[in-house]
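The residues making up each chain are set out below.
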Amino acid sequence: MSVVDAPPGRDFAGPALGEFRSRRGPKRLARAVLIMSSIDAAITFSLVRGNLNNSATFIVLPLVCVSIAAVGWAVRSAIVRIDAGGIQWGWGDLGFRIGPDRIKVLHLYERGLAVIRNSGAPWYLARHDWDRFEEVAKVCEDAGLDLERKPGRAPLRAQMQAYGVVLDALMVMNLLGSGLIVAFAALW
């Protein structure tokens, strides 16, 4: 009997054999968009503060831009941990874990890793989203996870799970939108 127990759904799998973080460029982009959206929101609020009756749009839209940027930054701050207890995505204890009993097989493609679960859609980790991705195969094998190397690209169904390119495009559009809101507020 132990005094300390694991949180529900977690076991004592030991230290992570590998931790993979978002690549520097996309993480910097997300952080820059969060900062610039916050600055743009402050500028917009200062421009419309004297005319609050007719400027609800200029109150809500900057908050939407900051919220989208915050979610993008949070996603880019997540870490993938691989250990004998499976694969975890998240921030410390906050996130989700797929245990080895729920993993049917891992398919390693040239541009990513598809986690094929016993039930449900595959979970795809794209090479362009994670640093040191070339180490994933060794870490998965060291963790005792069943890994199959597959030539070529992953099936489209698996690739659609990757969020990196879409998230980066969303961050750029969010920054442009935030700037446009400031411009319209200045003309208002």
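Keep in mind that what you see is a predicted model, and the values were worked out from it rather than measured.

### Section: the sheet that holds strand S7 (residues 123-126)
Phase 1: The sheet built from four strands is open, its strands ordered S7-S6-S5-S8 with mixed pairing. The sheet is open, and its two edges are formed by S7 and strand S8 (147-149), each paired on a single side. Strand-to-strand twist of the sheet, defined as the mean angle between neighbouring strand axes without regard to direction, takes the value 20°.

### A closer look at unusual backbone geometry
Phase 1: We note that Arg132 has phi near 50°; this positive angle belongs to a residue other than glycine.
Phase 2: By the element assignment, Arg132 lies in the loop between S7 and helix H3 (136-142).

### Some thoughts on the nonpolar core
Phase 1: Core analysis: the biggest nonpolar cluster contains 30 residues, and Val80, Ile82, Ile87, Leu106, Leu113 and Val115 have the highest contact counts within it.
Phase 2: If one sorts the elements of this core by residue count, H3 sits on top with four residues.
Phase 3: When sequence neighbours within four positions are dropped, the list of residues in contact with Leu106 reads Ile87, Leu113, Ala114, Val115, Cys140, Leu145, Asp146, Leu147 and Glu148.
Phase 4: Counting residues in each nonpolar core, the second largest holds seven residues, with Tyr109, Ala114, Ala126 and Ala154 among its members.

### Some thoughts on the packing of aromatic side chains
Phase 1: All told, the structure shown has three aromatic pairs when counted by the stated rule.
Phase 2: When the ring of Trp89 is compared with that of Trp91, the centres are 5.1 Å apart and the planes differ by 70°; the resulting orientation is edge-to-face.
Phase 3: Trp91 sits in the partly exposed class, given a relative accessible area of 33%.
Phase 4: An aromatic cluster is defined as three or more aromatic residues linked by ring pairs; in this entry it consists of Trp89, Trp91, Phe96 and Trp123.

### A word on the sheet that holds strand S3 (residues 86-91)
Phase 1: If you walk across this open sheet you meet the four strands as S1-S2-S3-S4, and the pairing is antiparallel. Unpaired on one side and paired on the other, strand S1 (18-21) and strand S4 (94-98) mark the two borders of the sheet. Adjacent strand axes in the sheet meet at a mean angle of 20° when their direction is disregarded.

### Remarks on the pairing of strand S2 (residues 79-83)
Phase 1: Among the five residues that make up S2, five are buried, leaving the element largely enclosed by the rest of the structure.
Phase 2: Side chains of S2 alternate between two faces, with Ile79, Arg81 and Asp83 and Val80 and Ile82 buried alike.
Phase 3: Relative to S2, S1 runs antiparallel, the two sharing four bridges. Within S2, the position partnered with Arg21 by the bridge is Ile79.
Phase 4: Bridging between S2 and S3 involves five bridges; their strand directions are antiparallel. The residue bridging Arg81 from the neighbouring strand is Gln88, located in S3.

### Focus: the packing of helix H2 (residues 56-77) against helix H5 (residues 164-187)
Phase 1: Between H2 and H5, whose axes approach to 10 Å, the crossing angle comes to 155°. Put simply, H2 runs roughly antiparallel to H5. In terms of crossing hand, the pair formed by H2 and H5 is left-handed. Where H2 approaches H5, its residues Phe58, Leu61, Pro62, Cys65, Ile68, Ala69, Gly72, Val75 and Arg76 are matched on the opposing element by Gly164, Leu167, Asp168, Leu170, Met171, Asn174, Gly177, Ser178, Ile181, Phe184 and Ala185.

Reading the values: the criteria
Residues numbered from 1 in each chain as written. Predicted model: local features only at pLDDT ≥ 70, side-chain atom pairs only at ≥ 80, totals over all residues. Heavy atoms only, no water. Pairing = 2+ DSSP bridges. Helix = DSSP H or I, 4+ residues; strand = E, 2+ residues; numbered from the N terminus. Axes fitted to C-alpha atoms, helices over the stretch in contact; angles between N-to-C directions. Core = buried A, V, L, I, M, F, W, Y, C linked by side-chain atoms within 4.5 Å. Buried < 20%, exposed > 50% of the residue type's maximum accessible area, 1.4 Å probe, protein only. Contact = heavy atoms within 4.5 Å. Phe/Tyr/Trp six-rings, centres within 6.5 Å; stacked < 30°, edge-to-face > 60°. Parallel < 35°, antiparallel > 145°, perpendicular 65-115°, else oblique. Left-handed = near helix turned anticlockwise from the far one by under 90°.

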